[in-house]
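# Summary of structural features
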Amino acid sequence: LGASLRQYLVGLAEFDRARLDQIIHLHFMPIKALAAEDSEFLRLFVDWLPFETSLGRMTLGEYCKSNSHIRYVPTTEQFHQISGVASAQRLCVFNGGYAYDVEILEQVAQEFPSRQVERIDPNDLVQTFSELSLDESEQVFNLVKVADIVLQKYKCSAEARKFAPADLPMLYTANDSASFLRSVEQSREETDGMWGEILDNVSFQARTDSYAQLVLNFRSPLIQRLTTVNDQDLLGRIVEVLYLQSLLLGNYPLAANERSLLAGGLLGLIDVFLQQTGDQ
């Protein structure tokens, strides 16, 4: 039966790909569940399974025709963080945030020794960004200093790099430790009693090396303009709005202090603008 099924599916792949795609579309989740548990089934089906990547939706077989190095991030939040930047650099990163995808990709390395599977961290991508020259570093120094101070209360640091696309002014990245701490603290906001005390202890132990990072894109026209702003209060408010936007782009749920910032950030900017207009 197994040999007959394999022969039938191979025949569909060669002579009636539309029908094979229809079968996979209709039975997508059971097929992935079986592939994650059964190595023989995985070898049969994995190249026909579609995945979301930074270069668009494609099957693993289509990707592996020209590439043997498979890079993935384990969560959809991390994928949303880096997909735009990875796409601009023509770097294919798989989204492992859907059910069974991580298990399947990890097993690919075992079942297909010629294929290298690598789990990447958003911070790994930051290391590929271009460093600033000395003049550029001096130009952006005040903006980075203000951003670093303003973002401390959100457990986030700031730095400036150059990366594509230029229309993306900033990129929020969080390693596993920072993402875990963020998740714990958001759970703590909704919990009290003994469970809340347990989460407090977990949060305290996870604080070491748990800072996220806001990377300012020096190639962005907006960041270039912000380097000329001398009003420190205005600059701080703008940085907070950029921070919020970067979280929303990454589909991160907002913490209580971030929701308060969302409510007051734009009003604060309007107030600063009106004060400056009145002074003139």
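Residues numbered from 1 in each chain as written. Predicted model: local features only at pLDDT ≥ 70, side-chain atom pairs only at ≥ 80, totals over all residues. Heavy atoms only, no water.

### Structural notes on the packing of helix α3 (residues 28-37) against helix α7 (residues 101-111)
α7 packs onto α3 with a crossing angle of 45° between their chain directions and a minimal axis gap of 9 Å. Looking at the two axes, α3 sits oblique to α7. Remark: the crossing between α3 and α7 carries left-handed chirality. Of α7, the residues touching α3 (which contributes K32, A35, A36 and E37) are D101, E103, I104 and Q107. Split by residue class, the contact of α3 with α7 holds three nonpolar, one polar and four charged. (Axes fitted to C-alpha atoms, helices over the stretch in contact; angles between N-to-C directions. Helix = DSSP H or I, 4+ residues; strand = E, 2+ residues; numbered from the N terminus. Parallel < 35°, antiparallel > 145°, perpendicular 65-115°, else oblique. Left-handed = near helix turned anticlockwise from the far one by under 90°. Contact = heavy atoms within 4.5 Å. Nonpolar A, V, L, I, M, F, W, Y, C, P; charged D, E, K, R; others polar.)

### Structural notes on the packing of aromatic side chains
The tally for this structure, following the rule as stated, stands at seven aromatic pairs. Each ring, one from Y63 and one from F94, has its centre 5.1 Å from the other, and the planes form 85°; the classification is edge-to-face. In this pair, Y63 is assigned in helix α5 (residues 60-64) and F94 in strand β4 (residues 94-95), connecting sequence segments 31 residues apart. For the pair formed by Y63 and F94, the shared burial category is buried. Ring geometry for Y172 against Y243: centres 6.0 Å apart, planes inclined by 65°, an arrangement best described as edge-to-face. Of this pair, Y172 sits in strand β7 (residues 170-173) while Y243 sits in helix α13 (residues 232-249), and the two are 71 residues apart along the sequence. The class for Y172 is buried, based on a relative accessible area of 4%. Among the aromatic residues, ring-to-ring pairing joins F41, F45 and W48 into one connected group. Directly above the aromatic system of F112 lies the positively charged group of R115, at a separation of 4.4 Å from the ring centroid. (Phe/Tyr/Trp six-rings, centres within 6.5 Å; stacked < 30°, edge-to-face > 60°. Buried < 20%, exposed > 50% of the residue type's maximum accessible area, 1.4 Å probe, protein only. Lys NZ or Arg CZ within 6 Å of the ring centre and 35° of its normal.)

### Some details on unusual backbone geometry
Apart from glycine, the bulk of residues carry a negative phi angle, and the bulk of peptide bonds sit in the trans form. Backbone torsion omega between A164 and P165 reads 0°, so that peptide bond is classified as cis. As for its position among the elements, P165 is in the loop between β6 (156-161) and β7. Not every positive phi belongs to a glycine, and Y100 is a case in point at roughly 75°. You can see Y100 is positioned in the loop between β4 and α7. The exposure class of Y100 is partly exposed, given its relative accessible area of 31%. Phi at K155 is positive, roughly 55°, even though this residue is not glycine.

### Structural notes on the state of the cysteines
Per the stated rule, a full pass over the model turns up zero disulfides. Free of any disulfide, C64 has its nearest cysteine sulfur in C92, 9.5 Å distant. Under the relative-accessibility criterion, C64 is labelled buried at 17%. (Disulfide = S-S within 2.5 Å.)

### With respect to the side chain of N217
With respect to the helices and strands, N217 occurs in strand β8 (residues 212-217). A distance of 3.1 Å separates a polar atom in the side chain of N217 from the backbone oxygen of P165. Among the polar contacts made by the side chain of N217, one reaches the main-chain carbonyl oxygen of L168 at a distance of 3.0 Å. Sequence-distant contacts of N217, defined by excluding residues within four places in its chain, comprise R161, K162, F163, P165, A166, L168, P169, M170 and I223. (Polar contact = N/O pair within 3.5 Å; in protein donor to acceptor, adjacent residues only side chain to side chain.)

### Comments concerning the nonpolar core
Within the largest apolar cluster, 33 residues are counted, with the highest numbers of intra-cluster contacts made by L143, L151, Y172, L214, L216, L226 and Y243. Contributions of two or more residues to this core are made by α9 (134-150), β6, β7, β8, α12 (221-226) and α13. For this core, the leading source of residues is α13, giving eight residues. Residue contacts for L214: discarding those within four places in its chain leaves L151, C156, S157, A158, E159, M170, L171, Y172, Y243 and S246. Formed by 29 residues, the second largest nonpolar core is a distinct cluster that contains L20, F28, A36 and V108. (Core = buried A, V, L, I, M, F, W, Y, C linked by side-chain atoms within 4.5 Å.)

Function cannot be inferred from these measures alone, as they are strictly geometric.
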